[in-house]
Amino acid sequence: DAGVTQSPTHLIKTRGQQVTLRCSPKSGHDTVSWYQQALGQGPQFIFQYYEEEERQRGNFPDRFSGHQFPNYSSELNVNALLLGDSALYLCASSSLANVLTFGAGSRLTVL
Amino acid sequence: AQSVTQLDSHVSVSEGTPVLLRCNYSSSYSPSLFWYVQHPNKGLQLLLKYTSAATLVKGINGFEAEFKKSETSFHLTKPSAHMSDAAEYFCVVSWGASGGSYIPTFGRGTSLIVHP
């Protein structure tokens, strides 16, 4: 399967902890975007990585950071977790075609 | 700035009847428009996209959408609903940002409920 893969699928953390989520893009895609989807809401754009650089960023605090590796895979890091960070985190990859391919997501619960 | 409004949070239809999911957008530039579907506990799947070619766009699973610039709308339709169509549907507007990137903006979603 050459789709987008995310890990872990589910995780539980407590307030103040840190979390790292991982994403492998679809084969042939070089751009990775991260989204936060709270329950009952549409996905909210966090940031986008291209050529190992953060290219665009949404309205999220600096506690949210990321990284892209030479093989185009990406990580999303969230520090000092808050209860409100509980959400489904979606990774999407794309290329020049401007069409996003999404992974199944990582569901984060903060207690 | 760009924004997208999905006019209905829930739409309920009977199996075999038509589906209409409404979407209005606001964009300062010629937008690209998309519809994505999300089944429970799944990622989002692209249904169809409009990128300034034909205004009537056909997608997967019998869905289609019509781009109406004068109404700034991109409504999603299907002639006959199937039980498997029950899911969350998102309308998305995207336009070129700085550096050649595209930042899609999602609507809040419409939950399609299909009754037997």
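Quick caveat, the model's predicted, so the values are computed rather than measured.

Peer 1: Outline the interface of chain B and chain A, supporting the account with residue identities and numerical values.
Peer 2: In this complex, chain B contributes 22 residues to the contact, which on the side of chain A involves 19 residues. For the pair chain B and chain A, the summed buried area comes to about 1,600 Å², and 53% of that belongs to carbon and sulfur atoms. Our count for the contact surface shared by chain B and chain A stands at zero salt bridges. Inspection of the chain B/chain A interface yields two residue pairs in polar contact (both at pLDDT 80 or more). Mapped onto the side of chain B that touches chain A, the elements with two or more residues apiece are strand E5 (32–38), strand E6 (44–50) and strand E10 (87–94) of chain B. Among the elements that line the side of chain B that touches chain A, the one with the most residues is E5(B), at four residues. A breakdown of the residues in the side of chain B that touches chain A according to their chemical character gives ten nonpolar, nine polar and three charged.

Peer 1: Go over the nonpolar core with me, naming the residues and quoting the values.
Peer 2: Counting 26 residues, the largest nonpolar core has B:Trp35, B:Leu48, B:Phe74, B:Leu76 and B:Tyr89 as its most contacted members. The element contributing the most residues to this core is E10(B), with four residues. Setting aside anything within four residues of it in sequence, one finds B:Leu48 in contact with B:Leu33, B:Phe34, B:Trp35, B:Val57, B:Lys58, B:Gly59, B:Phe63, B:Glu64, B:Ala65, B:Phe74 and B:Leu76. With 20 residues, the next largest nonpolar core counts A:Leu11, A:Trp34, A:Tyr49 and A:Tyr89 among its residues.

Thresholds applied
- Residues numbered from 1 in each chain as written.
- Chains lettered and ligands numbered in written order.
- Predicted model: local features only at pLDDT ≥ 70, side-chain atom pairs only at ≥ 80, totals over all residues.
- Heavy atoms only, no water.
- Contact = heavy atoms within 4.5 Å.
- Buried area = accessible area lost by both parts, 1.4 Å probe.
- Salt bridge = Lys/Arg side-chain N within 4 Å of Asp/Glu carboxyl O.
- Polar contact = N/O pair within 3.5 Å; in protein donor to acceptor, adjacent residues only side chain to side chain.
- Helix = DSSP H or I, 4+ residues; strand = E, 2+ residues; numbered from the N terminus.
- Nonpolar A, V, L, I, M, F, W, Y, C, P; charged D, E, K, R; others polar.
- Core = buried A, V, L, I, M, F, W, Y, C linked by side-chain atoms within 4.5 Å.
- Buried < 20%, exposed > 50% of the residue type's maximum accessible area, 1.4 Å probe, protein only.

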